[in-house]
Amino acid sequence: MVTPNSAPPSRILLGPGPSMTDPRVLEALATPPVGHLDPYLLQLYREEQELLRGVFQTHNEWTFAVSGTGTSGMEAVLVNLIEPGDSVLCATNGYFGERLADIGSRCGGNVDRVTRPWGEVFTVEEIETALKKKRYKLLTIVHAETSTGALQLNIREIAEAAHKHGALLVLDTVTSLGGVEVKLDEWDVDTAYSASQKCLSAPSGLAPVSIGPRARQVIQNRKKPAASFYLDINLYANYWGGTHAYHHTASASLHYALTRALQLVVEEGLEVRFARHRRNGEMLWNGLVDLGLPPLIPLDHRLPVLTTPQLPEILDEARIRSRLLEEQNIEIAGGFGELKGKVWRIGLMGYSSQPQNITRLLDALLLMLST
Ligand SMILES: *Cc1c(COP(=O)(O)O)cnc(C)c1O
């Protein structure tokens, strides 16, 4: 029984997020909150923005952490860029690509899709062919598709194709940011969003968002204000910069935690961090192959931070997942949509990406597959 006083279990979180949190981040989370206009918090925002620009590899002035989870980042970008009737092209090869299409329609966009089966990724040519069909205002694409474990390559070329045909590129970097390379400026990405609880390893509740110059102009020149007050990027820009006008009571605690987590990313160094995720990903893949559960995604576009081992049909995969949780305190996730029952989703994100966690998981799987 869970009573209000019982401590949560100490899980090893190896699912698609949230990832585990470094004790130093938890310490920051537990420090006393200040008011949403306290000079301390406004100063912290400045540091947080600089750190976010560092991990996004951008100089975009409009780089904030929006209140809410990754989905609020998604909604913020789309509700501010789309005006009713705008044409939007959504590249969908998994669950999150489809969620962008769903939100795009809710924002009043005329959504077309270019699709690929789950687990595959797009070539630049097929994106460009789709972009030629009409004059799209936006192209949306997911960098790291957490529902399949596929990494979309060639983002720079995709951005170039979008711009050639007059569209802005919206990039979902929820699972890639802090785990694999993301270079907004070099790739010329117009807007990207992420989440605090995946490879950045902070608690969930904030969505880093970065808006480039072309997208900023579109947002500043809207005919009508965005349909969402809460996610209005113009109002965010006033609160974070300029006049610091009250917009909403942002959670100081979550900003402390995210800023601390970002400091740890910078301390580790981006390149070192990506190499760590890669090395640990390879360790997991080798172990899974030895268990007869090879990764579904081919090596050339396989994500090191989220692996989808293929499961034999006879395996009672749900039972093994619940045994992992109950007996070993290890969380992994099942497949869903087109991959339901066919794969697991094993995340090695941020603080969770450590060799001893992989060893614990592989040892537990070996035991459970043989009994
Ligand atoms: C997790 C995730 C989201 C949604 O983030 P939430 O924090 O769950 O709202 C969006 N896109 C991708 C690729 C994700 O993995």
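In this text the structure is predicted, and so the values were computed from the model without any measurement.

Rules used throughout
Residues numbered from 1 in each chain as written. Predicted model: local features only at pLDDT ≥ 70, side-chain atom pairs only at ≥ 80, totals over all residues. Heavy atoms only, no water. Helix = DSSP H or I, 4+ residues; strand = E, 2+ residues; numbered from the N terminus. Contact = heavy atoms within 4.5 Å. Domains from an automatic or database assignment. Buried area = accessible area lost by both parts, 1.4 Å probe. Salt bridge = Lys/Arg side-chain N within 4 Å of Asp/Glu carboxyl O. Polar contact = N/O pair within 3.5 Å; in protein donor to acceptor, adjacent residues only side chain to side chain. Nonpolar A, V, L, I, M, F, W, Y, C, P; charged D, E, K, R; others polar. Near = heavy atom within 4 Å. Areas by Shrake-Rupley, 256 points an atom, 1.4 Å probe, with all protein chains shown as cover. Pairing = 2+ DSSP bridges. Axes fitted to C-alpha atoms, helices over the stretch in contact; angles between N-to-C directions. Buried < 20%, exposed > 50% of the residue type's maximum accessible area, 1.4 Å probe, protein only.

Draft legend 1. Focus on the side chain of K198. Along the chain, K198 turns up in the loop between β9 (191–193) and β10 (206–211). Discounting chain neighbours no more than four positions away, the residues touching K198 are P16, S19, V174, T175 and M349.

Draft legend 2. Up close: the domain arrangement of the chain. Taken domain by domain, the chain holds domain 1 (12–17 + 270–369) and domain 2 (23–266). The straight-line distance from the C-alpha centre of domain 1 to that of domain 2 is 27 Å. Between domain 1 and domain 2, the contact holds 25 residues from the first and 30 residues from the second. Between domain 1 and domain 2 lies a buried interface of about 2200 Å² when both sides are counted; carbon and sulfur atoms form 66% of it. Inspection of the domain 1/domain 2 interface yields zero salt bridges. For the pair domain 1 and domain 2, the number of links is nine residue pairs in polar contact (both at pLDDT 80 or more). The biggest single contributor to the side of domain 1 that touches domain 2 is helix α11 (residues 270–290), with five residues. Taken together, the residues of the side of domain 1 that touches domain 2 break down into twelve nonpolar, seven polar and six charged.

Draft legend 3. Up close: the site of the ligand. In the neighbourhood of the ligand, 13 residues make up the surrounding shell, with T69, T71, T146, D172 and K198 lying closest. In the model, an oxygen atom of the ligand is placed 3.0 Å from a nitrogen or oxygen of the T175 side chain. Compared with its free state, where it exposes 370 Å², the ligand has 90% of that area covered by protein. Top contributing element to the shell around the ligand by residue count: helix α3 (residues 70–81), with three residues. Tallied by class, residues from the shell around the ligand come to five nonpolar, six polar and two charged.

Draft legend 4. Quick peek at the sheet that holds strand β13 (residues 333–334). Here three strands make up an open sheet; going across it, the order is β11-β14-β13 and the pairing antiparallel. The open sheet has two free edges, formed respectively by β11 (306–307) and β13, since each of these has just one partner strand. By the bridge criterion, two bridges tie β13 to strand β14 (residues 344–347) in an arrangement that is antiparallel. In the strand pairing of β14, G334 is matched with W344.

Draft legend 5. Local environment of the sheet that holds strand β4 (residues 110–115). Taken in spatial order, the seven strands of this open sheet run β2-β10-β9-β8-β5-β3-β4, and their pairing is mixed. A strand with exactly one partner marks an edge of an open sheet, and here the two such strands are β2 (62–67) and β4. Recorded for the sheet is a direction-independent mean angle of 20° between the axes of neighbouring strands. Of the strand pairs in this sheet, strand β5 (residues 138–142) and strand β8 (residues 168–172) are connected by five bridges, and their pairing is parallel. Bridge assignment links L139 to a residue of β8, and that residue is L169. Running over the sheet, helix α2 (residues 39–56) touches β2, β9 and β10 and is turned about 105° from β2. Sheet strands in contact with helix α4 (residues 95–106) are β3 (87–92), β4, β5, β8 and β9, and its direction is about 165° off that of β3.

Draft legend 6. View of the environment of E326. Structurally, E326 can be placed in helix α12 (residues 317–328). For E326, a relative accessible area of 66% corresponds to the exposed category. Spatially, the C-alpha atom of E326 lies 9.8 Å from that of R11, the residues being 315 residues apart in sequence.

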